[in-house]
Amino acid sequence: MTEAGPPSAGLDPFAVFGIDRRFAVDREALESLYRKLARQAHPDRFVRADARTRRLAMQRAVELNDAWRIIKDPVARAEALLLLRGVDVTREGGAVRVGAEAAGAPIRASQDLLMEMMEKNEAVADARAAGDQTTVDAIAREANGRVDALMANVATQLDEGGPVEPIAQDLMAVRYWRRLLEDVAGQHG
Amino acid sequence: MVEALFQISEPGESQAKAACKIRAAGIDLGTTNSLIAVVEAGQPMCLSDDVGKVLLPSAVHYSQGGEVVVGGEAKHRLAVAHPRDTILSVKRFMGRGGKDTASTQSLTPYRFVNEPGQEGTVRFQVPGKVVTPIEVSAEILSALRLRAEEQLGGPLEGVVITVPAYFDDAQRQATRDAGRLAGLEVMRLINEPTAAALAYGLDKKLDGTFAVFDLGGGTFDISVLRLEAGVFEVKSTGGDSALGGDDFDRAIAEFLLAKIGISSEKYADPELSRKILHAARVAKEALSSAETFELAFNHGDVNWKGELTRQQMETIVAPVLQRCELPVKNALRDADLKVGALDGVVLVGGATRMPLVRRFVAQLFEQEPLTDLDPEQVVALGAAVQAELLAGGDNPNDVVLLDVVPLSLGLEMMGGLVEKLIHRNTTIPCGAKQEFTTYADNQTGFDLHVVQGEREMVNESRSLARFKLTGIPPGPAGMARLEVTFMVDADGILSVAAREQNTGKEATIQVKPSYGLTDEEVERMLLESYEHGAEDVRNRLLAEQRIEAERIIAATKAALLSTPELLESGEAEAIDLAIRSLENDAAGVSSDAIRKGIETLDRTSKDFAQRRMNRALSQGIAGRTLVHVEEKLSG
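Not measured: the values here are computed from a predicted model. (Residues numbered from 1 in each chain as written. Chains lettered and ligands numbered in written order. Predicted model: local features only at pLDDT ≥ 70, side-chain atom pairs only at ≥ 80, totals over all residues.)

Enquirer: I'm lost on the overall build of chain A in this one. Help?
Expert: Looking only at helices and strands, chain A features 7 helices and 2 strands. The helix and strand sequence of chain A, counted from the amino end, reads α-α-α-α-β-β-α-α-α. A burial count over chain A gives 39% of its 189 residues as buried. Taking as baseline every contact in chain A between residues at least 6 positions apart, the subset at least 24 positions apart corresponds to 59%. (Helix = DSSP H or I, 4+ residues; strand = E, 2+ residues; numbered from the N terminus. Buried ≥ 20, exposed ≤ 12 C-beta atoms within 10 Å, placed from the backbone. Contact = placed C-beta atoms within 7 Å.)

Enquirer: Sorry if this is basic, but what is going on with the overall build of chain B here?
Expert: Looking only at helices and strands, chain B features 16 helices and 26 strands. Split into buried and exposed, the 635 residues of chain B put 45% on the buried side. Long-range contacts, defined as pairs at least 24 residues apart, comprise 69% of the intrachain contacts of chain B with a sequence gap of at least 6.

Enquirer: Help me understand the environment of Ala78(A), please; the structure alone is not making it clear to me.
Expert: All names here are of chain A. Mapping Ala78 onto the fold places it in helix α4 (residues 74-84). Residue classification places Ala78 among the buried positions, given that 23 C-beta atoms sit within 10 Å. Setting aside anything within four residues of it in sequence, one finds Ala78 in contact with Phe23, Val154, Leu158 and Leu171.

Enquirer: What am I meant to see in the nonpolar core here?
Expert: The tendency in soluble globular proteins is for nonpolar side chains to be buried side by side. Core analysis: the biggest nonpolar cluster contains 197 residues, and Ala25(B) and Ala37(B) have the highest contact counts within it. In contact with Ala37(B), other than residues within four places in its own chain, are Ala25(B), Gly26(B), Pro44(B), Met45(B), Cys46(B), Leu47(B), Ala380(B), Leu381(B), Ala383(B) and Ala384(B). (Core = buried A, V, L, I, M, F, W, Y, C linked by C-beta atoms within 7 Å.)

Enquirer: What's the story with the packing of helix α8 (residues 310-322) of chain B against helix α10 (residues 355-365) of chain B in this structure? I'm lost.
Expert: Helix packing geometry: the angle between the two helix axes and the distance between the axes. All names here are of chain B. Their axes nearest at 11 Å, the elements α8 and α10 cross at an angle of 45 degrees. On the basis of the axis angle, α8 is oblique to α10. Where α8 crosses over α10, the handedness of that crossing is right-handed. Residues Glu314, Val317 and Leu321 of α8 lie in contact with α10, whose contacting residues are Leu356, Val357 and Phe360. (Axes fitted to C-alpha atoms, helices over the stretch in contact; angles between N-to-C directions. Parallel < 35°, antiparallel > 145°, perpendicular 65-115°, else oblique. Left-handed = near helix turned anticlockwise from the far one by under 90°.)

Laid out in structure tokens, this is it:
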């Protein structure tokens, strides 16, 4: 499993597709729009063009691909929406406020979350050391369930204009759980 | 035809204009064999040599007299007589340094040159000179170019070269350099499995999700592709860049040596190793159709006769073939697919002719693979289709390829950790920006180390390049704001830029690739190669600059005519002036002056071009949202 990176600075993926800044998206309609746009902006169409046209087309293709990468992944999409509201949850060690909100206090992951993650990571390490795959699988299932529940909440909060702080907390938790899942998957090659 | 070089001015507009068509070809630059194909009357076809052979063995012999022989003669005769001076399977060394290939080196008879400061590239000692894998590959490409030009009756103006999906940045760069060295304009590098799917997709008009199982002479690639509404999307790729039919040969050869009773130390004898590998290959190929094969092996005082059965051979190579299973499973997992969800499996590569391989694939994918096209030609055929498309020929299906980054790209952080900027399987072209800062007080420079791979630690990743950024004003730790931009173009080649944000000034960065050749080295090789004198190179540079000048002039004039409403006041006059000045330069003989003229026109018309591009691309976003998007883009 590959985790999508944070949105690039300066890119509003919603604007690239000409859609409203909402979490709920019509994924199928957007996918066909992406394909249509990707064909138009693809560098293959400009191979024999002058260098400047090639460069411009490539920039657009890069933006488009980047925007689609974010839009199609619910977690990246939620992180992008929050970034547009002035909170970057993708930094190491907690969320930071950016742009107009830069003066605000940083948002830290709760002690409860950090404790829980530490316990889970230890549990995975212990189970693995003991060759106990059943327990590892059970933790992975729990992690998937937690991510789904957190994201359902994030989806509602984002589109109802809920306060940024709890959303940021949820998204940071999602990042921790996903990292644990990646760790579990990575060990099995 | 220089005057025919018009580019499309509107994206989405049909490229198909017979007058614009140039001579283009697709090249499969393979480990064992190479092929060249063109599209004739809408049908892709491979070009054969004088005696009707389509496959050009990827073998290059350097004679004592300075002569270069490429192909079957080199492989079958000269490789036996002069194993040290006849380079086979050079693709294994492309974009690779001595350390990367130490284990492969020990299995070959070549004399490697390892000089300090040149560890980034493998170098072979051949009579009278030292050559790099890039130069050896360029000889193969030149031979194919010659074949095509004789048959097409004119110079080849553009090619598409295929590379394994697993090829990293360095290997792709090396392949591009080889094309350039062979005097070819490489329009695009495409992944071999993508080319194979392209050949099948156009012929069969299939829509769906496919796996391409490519077991060639030297590499194994597995790709999962989705074909839908004219778009090929690579969902995931995987494989093993050191696994192929050659490994089957080696396994069989080792078995034969044991059977004959020759100790494995003698295997280092180049003539013996070549002979036994040849015998193994012949037996393997014969056993694809026959059940048993009679072998005779004569070397020195050894005169051996024996029999090898298909079953014996299958038992010998099965463990090697088994190595394909894990990459297949990983690729399916990366694409989020179950085996049953695949609509087809395409076979590529000579090794897939073996009944054992076909059974293995059928079992692994739970379905019979597609075998309609010749597995050895299918990649070249697909490359020809793509070349034709890029060259502006007919393109009724309007196919574009969406390829992905095969391996994650990142930077070394404090403590040897890798920070990934671009994750594997991201659609290309793509880019990423990230901000970094200083970790020590009064730090005035950054050492940036660009790496590739999936591991967390830098020492487990592949080093791509090192950058230095200096001249940062001293201050407390964490003050400087370094913005690093990664950009991967449509060929999968990475460029990296770094800028310090606080000072605002453009800090200079120096790129020192830790692999492959520098631009200067390529230039030097061009100068040194026997067919181009210094005069030729100057003429070529001049011709290249003239073509570029004509392209930009034609594009700008067409733009002025088609969208005058996007011009701002005074802009038309300034652009016009720059065009006339460049036309003057292009009539002269100074490539430098032309280059400067191009830069001036580029600068003058940059904003106008940007406005046009914005408008053209936002037309894809329908109705109500169009206005919204245009506001965003112009704001």
